[in-house]
Amino acid sequence: MADAHVEGQQHPLGIYIKIWILLFVLSGFSYAVDYLQIQGYLRWSLILLFMFLKAGYIMAVFMHMKWERMSLVMAILIPPFAILVFIAIMSLEADWTFLTRETYFTEAFFKLFGK
Amino acid sequence: MAEATTTQAGQLADGMAGFVSDWSSDQRTFKKVPWGKAMMWIFLLSDTFVFSCFLISYMTVRMSTTVDWPNASEVFALSFGGDPIPLILIAIMTFILITSSGTMVLAVNYGYRNDRKKTALFLLITAVFGASFVGMQAFEWTKLIVDEGIRPWANPMGAPQFGAIFFMVTGFHGFHVSIGVIFLFIVMRKVLRGDYDVGRKGFFTSRSGSYEEVETMGLYWHFVDLVWVFIFAFFYLW
């Protein structure tokens, strides 16, 4: 039976264990960002860095993306880039909503026109 | 393999050349993967868009609110007798999910070695970790609803959208974990019964499965962990 599974992904246990430990360490770092109350741009960039590293290692090794054929890798990894466009559109929209609220949700405005 | 998965030279090209030749081969595109695994990847891609929509709507409401957003570090702090430790429950949940990803990998590995008992054992351990994650989430929801009075439409700590986003995003993720636990138990039963050794036909697909199904199951489980990585970063840490 074992010979029939030519399509399976078999890899030595060592690499999984290493990545497993690495994921623990990276999660520890993410938590430390909050625990040590790092603020501002440093906080945001550290959170994003650890997040992308963790996501990357999970996909590449645990989900075997690293060993898959390029045709599958591209089919899965390219479409999510469309999300970036969505993020851009919605952050413009959110900015606009915020400015509108700042302008009109004021006490002076309510006094003149009511709530 | 009976299927024509090779080029004329009898060898599959690798890398970008392989990408082009696979997609233009007028055969099945995803070579060297079982169909179930390719379809699981396609499903996970669609699920990526679902969770992206949730996280983008979270970004939109958080950017546009004029009311203060509650500090997640304080909201999710927990005290074990002494001073409250910030975000400790969420950190434990994160570590549990990563541990379960590791045990899932071991299950896949032992599956390919046709080690029925160890595969089933690690699937069981993974399922138990998953169930404990859902349990902790239930505890967290109870704490927020009963003690803090947070509702999907209101929130005594600040922006009302906080409640809506929290319940929707963590609820949807917890639902995924719960389905995953059920899925794990189903695969575990199949492994224990020896379905993948004798090629017994599945109740749903009517196809005989192999230990590759454990790997497909693993993809789903790792994806749930992957989504949590993003939720942890954007909702709890940001």
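None of the values given here were measured: they were computed from a predicted structure. Residue numbering note: each chain is counted from 1, following its sequence as written. In the order they appear in the text, chains get letters beginning with A and ligands get numbers beginning with 1. In view of the model being predicted, local features appear only for residues whose pLDDT reaches at least 70, and side-chain atom pairs are presented and counted only at 80 or more, with totals across whole chains, interfaces and linings using the full set of residues.

**Some remarks on the overall build of chain B**
Counting its regular elements, chain B contains eight helices and two strands. Taken from the N to the C terminus, the helices and strands of chain B come in the order α-α-α-β-β-α-α-α-α-α. On the principal axes, the C-alpha backbone points of chain B span a range of 65 × 40 × 30 Å. In chain B, buried positions account for 38% of the 238 residues. The contacts in chain B between residues at least 6 apart in sequence include a share of 66% that link residues at least 24 apart. For the purposes of this entry, the term helix denotes a DSSP run of H or I that reaches at least four residues, the term strand denotes a run of E that reaches at least two, and both are numbered from the N terminus. Residue burial is a threshold on neighbouring C-beta atoms within 10 Å of the residue's own C-beta, all placed from the backbone, with 20 or more meaning buried, 12 or fewer meaning exposed, and counts in between meaning partly exposed. Residues are scored as being in contact if the C-beta atoms we place from backbone atoms lie within 7 Å.

**Concerning the nonpolar core**
Within the largest apolar cluster, 68 residues are counted, with the highest numbers of intra-cluster contacts made by Ala107, Leu123 and Phe232 of chain B. Going through the elements one at a time, α1 (13-35), α2 (40-62) and α3 (70-77) of chain A together with α2 (35-64), α4 (88-112), α5 (116-147), α6 (161-193) and α8 (212-237) of chain B are the ones with two or more residues in this core. Per element, the largest residue contribution to this core is 17 residues, and it comes from α8 of chain B. Residues within four places of Phe232 of chain B in sequence aside, it is in contact with Ser30 of chain A together with Ile90, Thr94 and Leu237 of chain B. Defined on buried residues, the nonpolar core groups Ala, Val, Leu, Ile, Met, Phe, Trp, Tyr and Cys residues joined through C-beta atoms within 7 Å.

**Looking at the environment of Leu45 of chain B**
The topology assignment puts Leu45 of chain B in helix α2. Assessed through the 16 C-beta atoms surrounding it within 10 Å, Leu45 of chain B is described here as partly exposed. Distance from Leu45 of chain B to Phe223 of chain B, taken between C-alpha atoms, is 9.8 Å for residues 178 residues apart in sequence. Those residues in contact with Leu45 of chain B that lie beyond four places of it in its chain are Ile76 and Pro79 of chain A.

**Looking at the interface of chain A and chain B**
With 49 residues of chain A at the contact, the number on the chain B side is 52 residues. Contributing elements (two or more residues each) for the side of chain A that touches chain B: α1, α2, α3 and α4 (82-104) of chain A. It is α4 of chain A that contributes the most residues to the side of chain A that touches chain B, 12 residues altogether. Here the nonpolar group is Ala, Val, Leu, Ile, Met, Phe, Trp, Tyr, Cys and Pro; Asp, Glu, Lys and Arg are the charged ones; every other residue, Gly included, is treated as polar. Looking at the side of chain A that touches chain B, its residues break down into 31 nonpolar, nine polar and nine charged.

**Focus on unusual backbone geometry**
Residue and element names in this part refer to chain B. In this structure, Lys32 takes a positive phi of about 65° despite not being glycine. By the secondary structure assignment, Lys32 is in the loop between α1 (15-23) and α2. Located in the positive-phi region is Asn114, a residue other than glycine, with phi close to 60°. Within the secondary structure, Asn114 is located in the loop between α4 and α5.

**With respect to α2 of chain B**
Helix span is expected to be 1.5 Å times the residue number reduced by one. Compared with the 44 Å implied by 1.5 Å per residue over 30 residues, the 44 Å span of α2 of chain B between its first and last C-alpha is a close match. Among all positions of α2 of chain B, only Lys37, Ala38, Met40, Trp41, Phe54, Tyr58, Thr60 and Ser64 of chain B are buried.

**Here's the deal with the packing of α4 of chain B against α5 of chain B**
All names here are of chain B. An axis is simply a line fitted to the C-alpha atoms; with a helix, the fit covers only the stretch in contact. Between two such axes, the angle follows the N-to-C directions and lies from 0 to 180 degrees. Taken N-terminus to C-terminus, the directions of α4 and α5 make an angle of 165°; their axes are 8 Å apart at the nearest point. The angle between α4 and α5 falls in the class roughly antiparallel. The element α4 and its partner α5 pack so that their crossing is left-handed. Partitioning the contact of α4 with α5 into residue classes produces 15 nonpolar, eight polar and two charged. For this classification, under 35 degrees means roughly parallel, over 145 means roughly antiparallel, 65 to 115 means roughly perpendicular, and everything else is oblique. Two helices that cross are described as forming a left-handed crossing if the nearer one is turned anticlockwise from the farther one by less than a right angle, and a right-handed crossing if clockwise.

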